[in-house]
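So you can see what is in the structure, the chains are spelled out below.
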Amino acid sequence: MLKTLRTNTKWVMITVAVCFVGMMVFAWGMDLAGRSGGKAGMVGKINGRDISYEYYNSLVQQRRSAMGDNQPMTFDMERRLHEEVWNEIVMQVLVQQEIEKRKISFTDNELVSFMVSNPVQGAAQAPIFQDENGSFSPQKYRDFILNRENLNNPQTSELIRYVEEQAKGTLPVMKLQQQVAGNVVITEPQVRERWLAENEQRRVEFVYYPAARLFPAENPVDPKDVEAYYNAHKNEFKEDEQRSLNFVFFRLAPTAQDSAAVLDKVRTVADRAKTGEDFAELANAYSEDPGNVDPQGKANGGDLGFVRRGMMVKEFEDVAFSLSPGQVSDPFMTRFGYHIVKVDSVKTGPVEGKRGAQEVTEVKARHILLKIEPTVKTREQVETSVRQFIEAASKKGADFNALAKAQNLDVITTPLFKKDDAFIPYLGGSVSMLASRAFNAKKGEVLPQYQVDSGFYALKVAEIKPAGIRSLEDVRGQVENRVRMEAGAKLAAERAGNLLQALQSGTPLAQAAAADSSVTGGVRSELVTKAGNVPGLGVSNPLVGKVFTIDTIGGNTGVVTTETGAGIAVLQEKLTVDEARYQADRDQLRQRLEAELQNELISRFLENLREQAKIVDHRSQIFTM
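Residue positions are given per chain, counted from 1 along the sequence in the order it is written. Two thresholds apply to this predicted model, a pLDDT of at least 70 for residue-level local features and 80 or more for giving and counting side-chain atom pairs, whereas whole-chain, interface and lining totals are computed over all residues. Remark: hydrogens and water are excluded; side-chain values derive from all non-hydrogen atoms of the structure.

Caption draft 1: Local environment of the overall build of the protein. A tally of helices and strands in the protein yields 21 helices and 21 strands. For the protein, the C-alpha radius of gyration of 33 Å lies well beyond 25 Å, the compact-globule estimate for 625 residues. Each principal axis of the C-alpha distribution contributes one length, and for the protein these read about 95 × 80 × 75 Å. Working definition: with a 1.4 Å probe on protein chains only, accessible area under 20% of the residue-type maximum means buried, over 50% means exposed, and in between means partly exposed. A buried classification covers 41% of the 625 residues belonging to the protein. Here a residue-residue contact requires only that any non-hydrogen atoms of the pair lie within 4.5 Å. In the protein, the proportion of contacts linking residues at least 24 apart, taken out of those at least 6 apart, comes to 68%. In this description, accessible areas are obtained by the Shrake-Rupley approach with a 1.4 Å probe, and a residue is regarded as covered only by the protein chains that are shown. When the accessible surface of the protein is split by element, carbon and sulfur atoms take 48% of a total near 34,300 Å². In the protein, 77 side chains carry a positive charge and 82 a negative one; their mean positions are 2 Å apart. Elements are defined by DSSP. Helices are runs of H or I of four residues or more, strands are runs of E of two residues or more, and each kind is numbered from the N terminus. C-alpha atoms define the radius of gyration in this analysis, and the globule rule sets the expected value at 2.2 Å times the number of residues to the power 0.38. His is not counted here, nor are the chain ends, while Lys and Arg score as positive and Asp and Glu score as negative. Just so you know, the charge point we use is NZ for Lys, CZ for Arg, CG for Asp and CD for Glu.

Caption draft 2: Empty space enclosed by the protein, seen in detail. With a 1 Å grid spanning the protein atoms alone, the term cavity applies to any set of points in which a 1.4 Å probe fits but cannot get out, the term pocket to an open set with protein on both sides within 12 Å along at least five of seven lines, and the term lining residue to any residue with an atom within 4 Å of a point. Grid points are joined across faces, edges and corners, and a volume is the space filled by probe spheres set on the points. Applying the stated criterion across every chain yields a total of 1 cavity of 30 Å³ or more. Of the voids in this model, the largest cavity is the one considered here, and its volume is about 30 Å³. Lining the largest cavity, in full, are V204, F206, V528, L537, L543, V544, V547 and A569. Of all the elements in the fold, those that place two or more residues in the lining of the largest cavity are β3 (202-210) and α19 (542-547). With 3 residues, the single largest contributor to the lining of the largest cavity is α19. When its residues are assigned to classes, the lining of the largest cavity shows 8 nonpolar, no polar and no charged. Three classes are used, and their members are as follows: Ala, Val, Leu, Ile, Met, Phe, Trp, Tyr, Cys and Pro are nonpolar, Asp, Glu, Lys and Arg are charged, and the others, Gly among them, are polar.

Caption draft 3: Molecular detail of helix α7 (residues 154-181). Here the expected span of a helix is defined as 1.5 Å times the quantity of residues minus one. Spanning 28 residues, α7 covers 41 Å between terminal C-alpha atoms, matching the ideal 40 Å at 1.5 Å per step. Roughly 25° is the biggest bend found in α7, and it falls at T170, with proline P172 one to four residues downstream. The term polar contact refers here to a pair of N or O atoms within 3.5 Å; inside protein, the definition further demands a hydrogen-donor-capable atom paired with an acceptor-capable atom, and it admits residues adjacent in sequence only when both atoms are side-chain atoms. Near the N-terminus of α7, the side chain that reaches the backbone nitrogen of Q155, with its oxygen 2.9 Å away, is that of N153. One axis is fitted to the seven residues ending at the residue and one to the seven starting there. The bend at that residue is the angle between these axes.

Caption draft 4: Highlighting the pairing of strand β5 (residues 242-251). By the criterion of burial, β5 is predominantly enclosed, with 9 of the 10 residues buried. Summarising the sheet, β5 and strand β14 (residues 455-465) pair through 10 bridges and their orientation is antiparallel. Looking at the pairing, L245 lines up with V461 of β14. In this sheet, strand β10 (residues 412-413) lies alongside β5 in antiparallel orientation, the contact comprising 2 bridges. Paired with N246 across the strands is T413, a residue of β10. When DSSP finds two or more bridges between two strands, those strands count as paired.

Caption draft 5: Representation of the sheet that holds strand β19 (residues 560-562). If you trace the 4 strands from one edge of the open sheet to the other, you get β16-β3-β20-β19, paired in antiparallel fashion. Edge positions in the sheet fall to β16 (524-528) and β19, since each has one partner strand and no second. For this sheet the average axis-to-axis angle between neighbouring strands, irrespective of direction, equals 35°. Note that β3 and strand β20 (residues 565-574) share 9 bridges and pair antiparallel. Residue pairing for β20: V204 is matched across the bridge by L571. Orientation is described by axes fitted as lines to C-alpha atoms, over the contacting stretch for helices, and by angles from 0 to 180 degrees between their N-to-C directions. Contacts from helix α17 (residues 472-504) reach β3, β19 and β20, with the element oriented near 40° to β20.

Caption draft 6: How the structure looks around the pattern of salt bridges. Salt bridge, as applied in this entry: a Lys or Arg side-chain nitrogen positioned within 4 Å of an Asp or Glu carboxyl oxygen. Counted according to the given criterion, the structure contains 38 salt bridges. Across the pair E83 and R619 runs a salt bridge whose closest N-O atoms are separated by 3.0 Å. Within this pair, whereas E83 is found in helix α4 (residues 75-102), its partner R619 is found in helix α21 (residues 619-622), the two being separated by 536 residues in sequence. Accessibility expressed as a relative area gives 15% for E83, which makes it buried. Taking the relative accessible area as the measure of exposure, R619 reaches 1% and is therefore buried. Note that E596 and R592 form a salt bridge whose closest N and O atoms lie 3.2 Å from each other. Residue E596 and its partner R592 are located together in helix α20 (residues 579-612), separated by 4 residues, close to a single helical turn. Residue classification places E596 among the partly exposed positions, given a relative accessible area of 34%. A residue is classified by how much of its surface remains accessible, and R592, at 35% relative accessible area, is partly exposed.

Encoded structure:
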């Protein structure tokens, strides 16, 4: 019940709090480098502080346990879990080091006050803290924490000690949080400015020329302009070292023998169901449908409830709707595996277009699913093949491509990727350990096998591209697009300038726009707010912002140019500001702005801690994922 602390502090971080408090129960006061046996070694080092294998692995196992025994763990999920645990440990250590650096401490009185004012999660559901109406009683909770007799009672002392340890871990973090972002002040003018940006409305008519339309992709750009832009913006094309991999894939798929073995088994189960054995008990014993077990681990006898037409795959529906109540099907196959279905009851309804006719519209069904998966023997055979390939490819002078061709395997090359990329095309996400192996290897070196749920990869470092400024040829397409957009924006400003001249001579905007063949869609009229989203203009477009500087109805913005185009707007109507609504909203808005700014400060603080930290990650040398 009592695993994490809930705080009543109004500005506690919404997203960042996870990094601050996520696993404090494990981290604070614990020797991260301490070992109590098992596999020796360190998974990493954070600003000189060792992270032991035992500590890291214990958190991974605890996270797995929290997911439940019935949660299937794919290789992708396993790698993602390792990434989450590692990132949380990094953040814990960095925050703890910052607390030590700032010498943040607390008194006994502060600790007790924090314990009293911050009920642990789950306290609201505990009967001991509820009033006669079953509601959480802060006073009962306070009295319980402050009653020293509870420390001498074996039934309550453990809870008191637990709350105390949680508070000792969390209070320094909260004090650090206060130091970083606790002095945020949002002034009344700031509150009103944001409220007006979100709520003050004006009706405008406008014309906007998108740059991409005036200088489309098919228009050629002058190579000299491309070269000039590149030379003026070279620093924008810096990049870190990149690498690519050659790989072959050994698919792990069930063989015909594997499928036949499953079919024999499902036929035996179906025969037992047809001869009267309890279908629900057979489903609980044999079904491999993960939906047959709830999050608490309780099996439901294969019960699918009432199934309507169109809810299931066609093969399943065809069989289920052909059965009578009490009837058990023969085994049949879908893309999920082999199924056995039993119909408990049916519902009927009118047939569309046939007066008086009835048909089965729903069936209450149970089913047993046996998946067609590779056997242990098949898996071992595939793994042996990939291991032998890697051993052969790793020999001096071996030709990776020739070995692949000899086994009718296609060699594929990944695009270049950076060490900290979260995703590598063809290989998927959560690839930090694989990327670490690739960046610690030499060009041409063959890496250890890499396994996913559908098979095994054999990989070789194909290319190493050093860090530096990308060449013009590498980024030519990107530069051409930028040059094209600049040219389009310039043309858009010229067209908008012509409209402005017409306006200044007394021609209405609609009439001036009608005379310009490049205007598509005509003049638009919209009710806008400064921070709102306007179709065709986006959010907080400068053209809309300029409208709110006009005081006179009929006044115009002049030409407003952006990176994506240019336009001109005319003020049609200023709606009256609802002052009563502002007074009703202002306090809540002030709190929201404070929280936004505090979150931003905390986020920047954490990012800065990580950017400046010296982090050494050895996990790729320890784990074989």
